[in-house]
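Residue strings, one per chain:
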Amino acid sequence: MKRRPIMAGNWKMNMLVSEAEALVKGLKSGLDGAEEVDVVVAPPFPSLYSVGKALSGSSIALAGQNLHWEVSGAYTGEVSATMLLDVGCKYVIIGHSERRQFFGENDETVNRRVKAALSAGLDPIVCVGEVLEERKSGRTWEVVGRQTREGLEGISKGDAERLVLAYEPVWAIGTGETATPEQVQEVHAKIRGLIGELYDEGIAQGMRIQYGGSVKPDNVRGLMDQPDVDGALVGGASLKVESFLGIVKF
Ligand code: PGA
């Protein structure tokens with residue numbers, strides 16, 4: 001089965017509103033909407049609204065970088081699924097390694113956020129990935145398998161069809177060190193196998209699995225050539241029009 005690729009730019013904590021607007025303007029003019037790829041941008045919260053407006057009439061979709069599982073209430077500093085939908089988001093990134101590393105995110109909280117996103121109508125991009133020590137000690141699959149299983153716990157088949165997974169080996173994020181296409185393919189195939197066990201073969205074959213970690217215009221092709229790689233979650237290289245377009249048009 002041929003899955004439609006999905007290229008997402010995770011801007012992290014970068015871009016003021018004016019810079020964000022200029023970046024999407026550049027992306028819009030470089031894309032004619034006929035690309036056979038879903039294109040997504042995930043700006044920081046303060047610029048979601050204006051980027052959403054700037055994107056109207058284009059095929060580029062908007063994503064949040066995180067959300068809280070409650071709908072509303074006394075949760076200072078948090079943002080809900082409804083709020084993300086309200087400013088035009090279609091997707092939300094959940095469980096990024098930087099959330100896990102610096103902000104106490106764990107498999108249980110990832111699972112709560114995934115459920116909240118799905119029930120509100122947002123499509124989650126769920127991130128999994130091992131740190132260097134785990135890879136070196138041969139525990140890559142133990143970690144990635146657990147994160148996938150626990151992150152998706154209790155998610156129905158119907159909802160699972162709306163998920164995107166992102167395999168991001170932590171040692172390759174922002175380091176310039178990309179995992180080799182073979183290393184990526186090996187983990188993606190295992191993730192797809194696990195989805196088949198948890199759900200069924202149809203869901204596994206339909207699920208899009210992105211790779212993330214130092215993806216650049218010059219290494220994206222080799223990654224996308226792998227049978228189980230269906231897109232990229234891009235950090236640094238998504239902050240410039242040319243480099244992100246280079247990835248989108250791999
Ligand atoms: P990077 O980040 O492309 O800058 O390595 C990827 C990510 O964290 O999603």
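Data block above holds the structure.
Residues numbered from 1 in each chain as written. Predicted model: local features only at pLDDT ≥ 70, side-chain atom pairs only at ≥ 80, totals over all residues. Heavy atoms only, no water.

Chemist: Explain the layout of surface pockets here, please?
Modeler: Over the atoms rolls a probe the size of a water molecule, and its path tells where empty space is left. Of the voids in this model, the largest pocket is the one considered here, and its volume is about 440 Å³. Taken together, 17 residues line the largest pocket, and the ones lying closest to its centre are Lys12, Met13, Gln65, Arg99 and Phe103. It is helix H4 (residues 97-102) that contributes the most residues to the lining of the largest pocket, three residues altogether. Grouping the amino acids of the lining of the largest pocket by side-chain chemistry returns eight nonpolar, five polar and four charged. (1 Å grid on protein atoms, 1.4 Å probe; cavity = no way out; pocket = protein on both sides within 12 Å on 5 of 7 lines; lining within 4 Å. Points joined across faces, edges and corners; volume = space filled by probe spheres on them. Helix = DSSP H or I, 4+ residues; strand = E, 2+ residues; numbered from the N terminus. Nonpolar A, V, L, I, M, F, W, Y, C, P; charged D, E, K, R; others polar.)

Chemist: Got a minute to help me understand the site of the ligand in this structure?
Modeler: Near the ligand, the surroundings consist of 13 residues, among which Lys12, His96, Glu168, Gly174 and Ser214 are the closest. Take His96: an N or O atom from its side chain is 2.6 Å from an oxygen atom of the ligand. Here an oxygen atom of the ligand and a backbone polar atom of Gly236 are 2.8 Å apart. Calculation on the ligand without its partners gives an accessible area of 280 Å², and the protein chains cover 95% of this total. In the shell around the ligand, the residues fall into four nonpolar, seven polar and two charged. (Near = heavy atom within 4 Å. Polar contact = N/O pair within 3.5 Å; in protein donor to acceptor, adjacent residues only side chain to side chain. Areas by Shrake-Rupley, 256 points an atom, 1.4 Å probe, with all protein chains shown as cover.)

Chemist: How do you make sense of the pairing of strand S6 (residues 164-167) when you look at a structure like this?
Modeler: A regular strand places its side chains on the two faces of the sheet in alternate fashion. Burial of the side chains of S6 extends over both faces: Val164 and Ala166 are buried on one face and Leu165 and Tyr167 on the other. In this structure, strand S5 (residues 123-128) lies alongside S6, joined through four bridges in parallel fashion. If you follow Val126 over to S6, its bridge partner there is Leu165. Bridge count between S6 and strand S7 (residues 208-212): four bridges; the pairing is parallel. The residue of S7 that forms the bridge with Ala166 is Gln210. (Buried < 20%, exposed > 50% of the residue type's maximum accessible area, 1.4 Å probe, protein only. Pairing = 2+ DSSP bridges.)

Chemist: Honestly, the pattern of salt bridges in this entry has me stumped. Any pointers?
Modeler: It is possible for side chains of opposite charge to pair when their charged atoms get near one another. A complete count under the given rule lists 19 salt bridges for this structure. A salt bridge links Glu105 to Arg113; the shortest N-O distance between them is 2.9 Å. The exposure class of Arg113 is buried, given its relative accessible area of 8%. For Glu130, the salt bridge is made with Arg135, and the minimal N-O distance between the two is 2.7 Å. (Salt bridge = Lys/Arg side-chain N within 4 Å of Asp/Glu carboxyl O.)

Chemist: Could you clarify how one ought to interpret the packing of helix H1 (residues 17-30) against helix H12 (residues 241-248) in this entry?
Modeler: Think of two packed helices as two axes; the pair is described by the angle between the axes and how far apart they sit. At a minimum axis separation of 10 Å, H1 and H12 run at an interaxial angle of 40°. Relative to H12, the element H1 lies oblique. Crossing of H1 against H12: the hand is right-handed. Residues Leu23, Gly26, Leu27 and Gly30 of H1 form the contact with H12, whose own contacting residues are Val241, Phe244 and Leu245. Looking at the contact of H1 with H12 residue by residue, the class counts come to five nonpolar, two polar and no charged. (Axes fitted to C-alpha atoms, helices over the stretch in contact; angles between N-to-C directions. Parallel < 35°, antiparallel > 145°, perpendicular 65-115°, else oblique. Left-handed = near helix turned anticlockwise from the far one by under 90°. Contact = heavy atoms within 4.5 Å.)

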